[in-house]
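These are the residues of each chain, in order.
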Amino acid sequence: MQKSLSVYDSDGSTFAPLVVIELALETKEEAIAWLLNRVRDKQQYGGAELLVEQLTPGAQGTEKVNPNVYVVGASWQRLLYGAEDVGLFKEFNDGSMRGFTYANKHNFKEFQGDGDGFLSMAECQYIIKHELDNLRAKDEAHVPGYPKMKLYPGKSVIRRMQSKGILVQVFPLHEKEELKRLSFSWYKNIKLSFQPLDDIRHYFGEGMALYFGFLEYFTLALIPMALIGIPYYLFDWEDYDKFTVFAGFNLVWCTVILELWKRLSASLAYGWGTLSRKKAFEEPRPGFHGVLGVNPVTGRAEPLYSNAKRQLRIYLVSIPFVLLCLYLSLYVMMIYFDMEGWALMIHDEEPTFWTGVLLFIPSIIYAVVIEIMNLIYRYAAEFLTGWENHRLKSTFQNHLVLKVLVFNFFNCFASLFYIAFVMQDMVLLRQSLATLLITSQILNQIMEAFLPYWLQRRRNKKAHKRMIKTMGDKELPLSEQVKLEADMSTYLGTFDDYLELFLLFGYVSLFSCVYPLAAVLVVLNNVTEVYSDAFKMCTVFKRPFSEPAANIGVWQLAFEAMSVIAVVTNCALIGMSPQVKSYFPESETQLILWVVGFEHFLLASKFILTFVIPDVPKHIQIKLSRLEFESLEALKKRKVVHAAAN
């Protein structure tokens, strides 16, 4: 961990600032003093035992400054104990990944001297966040100075103050030198090479590194399909019936790449120490509310909410709302087809260059409307999922993902299914797929890269001018760095990034057999996505807290569900091809039975393949089993020693 900037705690000890806490401007003094004392108090007295100091404002001119900004750090010994508390896994001297223990610290490979540099800055910041989140009320009835802000024993102090607006934000600081090195190796030095996943993990954490690892893997997995698609597009462009072979390749491709990704992600997670890491006990999320009761697991007082009430909200409000949105999406799709018919009629009456261009206008308008509807629905889904009042963040996330995926899938692909299997117009299907794919990619690049960058530049233009004028080429003072980062946009997680990849995977796996260039377009999009996302993470957004992760979570299930739909879709497209129909000239029933039988065979093969290909490579399974065996043996020895002592 870098220590280029240091501050002094109230007791005179020096520490590297890692995390910033910003309180509201009008926060009462007694509340501030109480919070700081709780942060500084020893753990045995219910404190976090961290180092915290008020940030000294720099030269701000006439601009109003919030004085309630504090930087938080910790001693190395406290961080090492914290690493044990959070269950951090590090490389042992024998090369295996083991849970870190302070008593056994010298047996870990990278531990030297007093342990300086053993933990990355991201890990240190994660430990501090964990300690702050676990700062709990003792016998206080309310937050000092705020009688209406009730507390009860065991309530998370930080979450309570956040939910009531006293605590504005908590965020980790960037480390400028390390960020420069990462930026140069990641996106500034444009070259055809693999991403520095270990460096990304070291700086941003495992969750972020797994996203970029999946993005890179998905892009590489698309290259064979792109290489096949280019000559297929060039030589069979006008023969839309010859898509059987490409559809067959789709069937194998979408199954194999997901199984191989599970093995790759397991290898990455093992090397990063998250594969066998125990999941922390999940606390109630900040927005959860209910009647005060006792948690039967922890024995602590916390809000309780009836599951029956939640289910009623889901089934009587959420599901009807989703169905209503799907109906609106269907209605918009019908309007799109009316526009297509109108454009085609004009073109048929008087074919010109401009009427030819007009044929693409309905698809472009529809693609833009789809993106707008997806955006509006996303906000509605978040509000609705919050209103359902789920206790855990993971449950909240799963319900939100389900709502968003169902609508986005229907909204983006319903028209393509209608064209393919109702209208059976392969020419229109190819045109619609190309237009939807290209338009959505352009809009996503504008919304995800150019717009955030432009807003950030506009927001910080005056600040940059002032710094250049006052500081020149000198290193930025801590107060200025904190102010700049506090004004940056907050990164909301990888949800939207995975959602975009999910939809691109759908475009490629479902219908690319009729538009072979789809894989090529997605490869180009993903290459630019790597650089734009890297740029955003390093320059546009606040640094997010590290999120330990062993896989891509619920998104793995989403992609696998899409691959199952892809099998059914491509089998149906194969059954519609003239080559296959020619084998059943007299009986359409036999053709349908053959297609259904073939589709069932492929699905069965797909599920068999899932079991045949282990999710975790053999050598990693052996290491995990050996570690489990050694842990059991050590436990037996401790029991024997304890029994002998008694």
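These numbers come from a predicted model, not from an experiment.

1. Concerning the pattern of salt bridges
By the definition in use, this model includes 19 salt bridges. When the shortest N-O distance is used, the salt bridge between glutamate 140 and arginine 38 registers 3.3 Å. With glutamate 140 in the loop between helix H3 (121-133) and strand E8 (142-143) and arginine 38 in helix H1 (residues 29-40), this pair connects stretches of sequence that are 102 residues apart. The buried category is assigned to arginine 38, whose relative accessible area is 3%. Its salt-bridge partner being glutamate 53, residue arginine 40 comes within 3.7 Å of it at the nearest N-O pair.

2. Examining the packing of aromatic side chains
For the structure on display, the rule yields 36 aromatic pairs. Summarising the aromatic geometry, the rings of phenylalanine 584 and tryptophan 594 are spaced 6.2 Å apart at their centres and angled 45 degrees between planes, so their arrangement reads as tilted. With phenylalanine 584 in the loop between helix H18 (578-581) and helix H19 (588-612) and tryptophan 594 in helix H19, this residue pair connects regions lying 10 residues apart in the sequence. Here arginine 543 stacks its cationic end above the ring of tyrosine 203, 3.7 Å away from the centre of that ring.

3. Quick look at the sheet that holds strand E10 (residues 167-172)
The antiparallel open sheet is built from four strands, whose spatial order is E4-E5-E3-E10. Either end of the sheet is taken by a strand with one partner, and the two such strands are strand E4 (51-54) and E10. The average angle at which neighbouring strand axes cross in this sheet is 20 degrees, direction not considered. Here H1 sits on the sheet in contact with strand E3 (19-23), E4 and strand E5 (69-73), set at roughly 150 degrees to E4. Across the face of the sheet, helix H14 (residues 478-487) comes into contact with E3, E5 and E10 while running at roughly 110 degrees to E10.

4. So, the pairing of E10
Of all six residues that make up E10, five are buried, and the element is covered over most of its length. Taken together, the five bridges between E3 and E10 define a ladder with antiparallel strand orientation. Directly across from isoleucine 21, in E10, lies its bridge partner valine 170.

5. Let's talk about the packing of helix H17 (residues 554-576) against H19
Across the interface, H17 lies against H19 with an axial gap of 9 Å and an inter-helix angle of 150 degrees. Between H17 and H19, the interaxial angle falls into the category roughly antiparallel. Where H17 crosses over H19, the handedness of that crossing is right-handed. In contact with Glu560, Ser563, Val564, Val567, Val568, Cys571, Ala572 and Gly575 of H17, H19 contributes Leu591, Val595, Phe598, Glu599, Leu602, Leu603, Lys606 and Phe607. Here the contact of H17 with H19 is built from residues that sort into 11 nonpolar, two polar and three charged.

6. Here's the deal with H19
With 25 residues, H19 should cover 36 Å at 1.5 Å per step; its first-to-last C-alpha distance of 36 Å lies within 8% of that length. Looking at the buried residues of H19, the elements they touch are helix H8 (244-272), H17 and H18.

7. Considering the UniProt feature "transmembrane region" (unreviewed entry) in the protein
Per the UniProt record, "transmembrane region" (unreviewed entry) is found at residues 209-231, 243-261, 314-337, 357-379, 400-421, 433-455, 501-524 and 591-613. Helix makes up 75% of residues 501-524 and strand 0%. Its end C-alpha atoms lie 13 Å apart.

8. Observations concerning a nonpolar patch on the surface
Taken together, the side chains of Leu375, Tyr379, Ile438, Ile442, Ile446, Met447, Phe450, Leu451 and Trp454 define a hydrophobic patch exposed on the protein surface, amounting to about 910 Å² of accessible area. Mapped onto the nonpolar patch, the elements with two or more residues apiece are helix H11 (361-387) and helix H13 (426-471). Per-element accounting of the nonpolar patch gives the leading share, seven residues, to H13. As for its position among the elements, tryptophan 454 is in helix H13. On the basis of relative accessibility, which here comes to 47%, the residue tryptophan 454 falls in the partly exposed class.

9. Let's talk about the packing of helix H2 (residues 76-85) against H3
Two elements in contact, H2 and H3, have axes whose closest approach is 9 Å; the angle formed by their N-to-C orientations is 75 degrees. On the basis of the axis angle, H2 is roughly perpendicular to H3. Counted together, Trp76, Arg78, Leu79, Gly82, Ala83 and Asp85 of H2 and Cys124, Ile127, Ile128 and Glu131 of H3 form the full contact between these two elements. For the contact of H2 with H3, the class distribution of residues is six nonpolar, one polar and three charged.

Rules used in this analysis
- Residues numbered from 1 in each chain as written.
- Predicted model: local features only at pLDDT ≥ 70, side-chain atom pairs only at ≥ 80, totals over all residues.
- Heavy atoms only, no water.
- Salt bridge = Lys/Arg side-chain N within 4 Å of Asp/Glu carboxyl O.
- Helix = DSSP H or I, 4+ residues; strand = E, 2+ residues; numbered from the N terminus.
- Buried < 20%, exposed > 50% of the residue type's maximum accessible area, 1.4 Å probe, protein only.
- Phe/Tyr/Trp six-rings, centres within 6.5 Å; stacked < 30°, edge-to-face > 60°.
- Lys NZ or Arg CZ within 6 Å of the ring centre and 35° of its normal.
- Pairing = 2+ DSSP bridges.
- Axes fitted to C-alpha atoms, helices over the stretch in contact; angles between N-to-C directions.
- Contact = heavy atoms within 4.5 Å.
- Parallel < 35°, antiparallel > 145°, perpendicular 65-115°, else oblique.
- Left-handed = near helix turned anticlockwise from the far one by under 90°.
- Nonpolar A, V, L, I, M, F, W, Y, C, P; charged D, E, K, R; others polar.
- Expected span 1.5 Å × (residues − 1).
- UniProt positions renumbered as here; feature names shortened; annotations may be inferred.
- Patch = residues over 30% accessible without salt bridge, like charges linked within 9 Å, V, L, I, M, F, W, Y side chains within 5 Å.
- Areas by Shrake-Rupley, 256 points an atom, 1.4 Å probe, with all protein chains shown as cover.

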